[in-house]
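Per-entry structural report
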Amino acid sequence: MAKTYIRAEDLLKLLKISSQELIEIEKFFDAIPDDEWELEEGKDYRVVSSNGAREYTQSGAYTLARYLEATKKLSFWDSLKEWFLHTREKIRKSFVRKKILDNCASLMRRSDQYWVSQADAVAIFGTNIQTLRRMAECTQKSDRPLIKGQHYQEFIDEGGIFYSLEGIYRLSLAFSTELTLKNRRDECRDVGEEISPQVSDIIKLIESREKRISKCKEEAKRRDKKTCLVTGQKPDRYHRFNLAAHHLYSSSAYPHLADSLDNLITISEEVHTRFHREFMSGTGKPCTPDDFIKFVQQYYPENSNVIIWLEGQRRKLGQQEPLGKRNNHVLYLPLSRVICLTDKTG
């Protein structure tokens, strides 16, 4: 995944320091390359101008926040010291929580626990698979070892090893004692402390999003007068059938449009099934407004009005790009994956 960089202007506001203070800190890091504090070009920052100005990644910004928290002297502002320390702690932990949020696409619930994949754990800790495995081995020599089935488990149907939130916490303890660099030790310890509250917030946001989608579907049915716009039929006492709110841009590939009213059309479940199974050759295939327009033209050519309406919706929505599998934001995960319990084991 491409790195996201924070502009220096935004970083100065976030860290509540001056540009001169930032320059002095950069000089300190550059002067002693092998001490316990380290910023690595390409990983933590990039140089963006000939005068040496930098932009920082999340890991680099975290290191700066951690350094400020550890070294900033506020004794001349005694009355504000506690407020400043608390603020810097929140800033520091916000970087960690954002990192967890951006690398939790595998999040799921099984056996009454939340789990994340080994690949996501590697990204969350900002490490590599070899080091993660070494830390897992280190836990076995501690008073908080990783126990199979409780803290890690292989889910074959999901493609490999997963760690529970407690497992992530235990790994963080190993990282915080075994790593050499202070900023990396602190960052990994913060991961362990922040993983559970961040996942709780993620679940709340996903639940809220699912409610918005359900509400939008009902609104679409009311807008369309609870009528299948493709066949023109409306359920009554003699002709009963269920209605579905179909996403013109599929919610799986275009989740950012899942709660957009313009992206929904009311159709019968029979038409819905016919579109996905017959025309698209599978319910899991991503679709677009163009696909649905072609479907109507092929299967219901007599309904020119709905084609005109669909063309209008396509123009409103504009050309959209699907989200890649690994780039899917965690908040777009289906609610069933992270809420509903399953008892599957690998």
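Look a little higher up for the structure.
Presented here is an overview of the structure given in this document. (Residues numbered from 1 in each chain as written. Predicted model: local features only at pLDDT ≥ 70, side-chain atom pairs only at ≥ 80, totals over all residues. Heavy atoms only, no water.)

**Focus: the pattern of salt bridges**
Quick reminder of the rule: Criterion for a salt bridge: a side-chain nitrogen of Lys or Arg within 4 Å of a carboxyl oxygen of Asp or Glu. Think of it this way: any DSSP run of H or I at least four residues long counts as a helix, any run of E at least two long counts as a strand, and we number them from the N terminus. Type-normalised accessible area, obtained with a 1.4 Å probe on protein chains alone, sets the label of each residue: buried when under 20%, exposed when over 50%, and partly exposed for intermediate values.
Taken as a whole and judged by the stated rule, the model has 25 salt bridges. Linking lysine 316 and aspartate 262 is a salt bridge whose minimum nitrogen-to-oxygen distance equals 4.0 Å. Of the two residues, lysine 316 sits in helix H11 (residues 304-317) while aspartate 262 sits in the loop between strand S7 (243-247) and strand S8 (264-268), which places them 54 residues apart along the sequence. For lysine 316, a relative accessible area of 56% gives the class exposed. Judged by relative accessible area, aspartate 262 falls into the partly exposed class, the value being 29%. Through salt bridges that share partners, Lys93, Arg97, Glu193, Glu194 and Asp201 make up one connected network.

**A short note on unusual backbone geometry**
One non-glycine residue, serine 111, adopts positive backbone phi at about 50°. According to the relative accessible area criterion, serine 111 is partly exposed, its value standing at 39%. A positive phi angle is found at lysine 226, which is not glycine, with a value near 50°. Take lysine 226: it is sitting in the loop between helix H8 (182-223) and S7.

**Observations regarding helix H7 (residues 165-178)**
Convention followed: What a helix should span is 1.5 Å times the count of its residues minus one. Here, residues are in contact when the closest pair of their heavy atoms is within 4.5 Å.
In a regular helix each residue adds 1.5 Å, so 14 residues correspond to 20 Å; H7 covers 20 Å between its end C-alpha atoms and thus fits that length. Of the residues making up H7, those classed as buried are Leu165, Gly167, Ile168, Arg170, Leu171, Ser172, Ala174, Phe175 and Ser176. Its buried side turned inward, H7 meets strand S4 (113-117), helix H5 (118-125), helix H6 (129-139), strand S6 (160-164) and H8.

**Description of the sheet that holds S6**
Stated precisely, the cut-off is as follows: In short, DSSP must find at least two bridges between two strands for them to pair. Here, axes are lines fitted to C-alpha atoms. For helices the fit covers the stretch in contact, and angles between N-to-C directions go from 0 to 180 degrees.
Strand order across the open sheet formed by four strands is S3-S4-S6-S5, with antiparallel pairing between neighbours. Either end of the sheet is taken by a strand with one partner, and the two such strands are strand S3 (108-110) and strand S5 (152-155). Between one strand axis and the next, the sheet turns by 45° as a mean value, whatever way the strands run.

**Re the environment of glutamine 140**
Quick note on the threshold: What qualifies as a polar contact is a pair of N or O atoms within 3.5 Å, subject to a donor-acceptor requirement within protein and to the restriction that residues adjacent in sequence count only when both atoms come from side chains.
Relative to the assigned elements, glutamine 140 resides in the loop between H6 and S5. As for glutamine 140 and alanine 174, which are separated by 34 residues in sequence, their C-alpha atoms are 9.7 Å apart. Leaving out residues up to four positions away in the same chain, glutamine 140 has contacts with Pro145 and Leu146. Within the structure, glutamine 140 has its side chain in polar contact with the backbone nitrogen of leucine 146 (distance 3.0 Å).

**Here's the deal with the pairing of S7**
Of all five residues making up S7, five are buried, and the element is well covered by its neighbours. Pairing between S7 and S8: five bridges, direction antiparallel. Looking across to S8, one finds that histidine 246 is bridged to isoleucine 265.

**Here's the deal with the nonpolar core**
The tendency in soluble globular proteins is for nonpolar side chains to be buried as a group. What counts here: By nonpolar core we mean a set of buried residues, namely Ala, Val, Leu, Ile, Met, Phe, Trp, Tyr and Cys, connected to one another through side-chain atoms within 4.5 Å.
Leu64 and Leu107 are the most contacted members of the largest nonpolar core, which totals 53 residues. Sequence-distant contacts of leucine 64, that is, excluding residues within four places in its chain, are made with Leu11, Leu15, Leu22, Ile25, Phe29, Leu39 and Tyr56.

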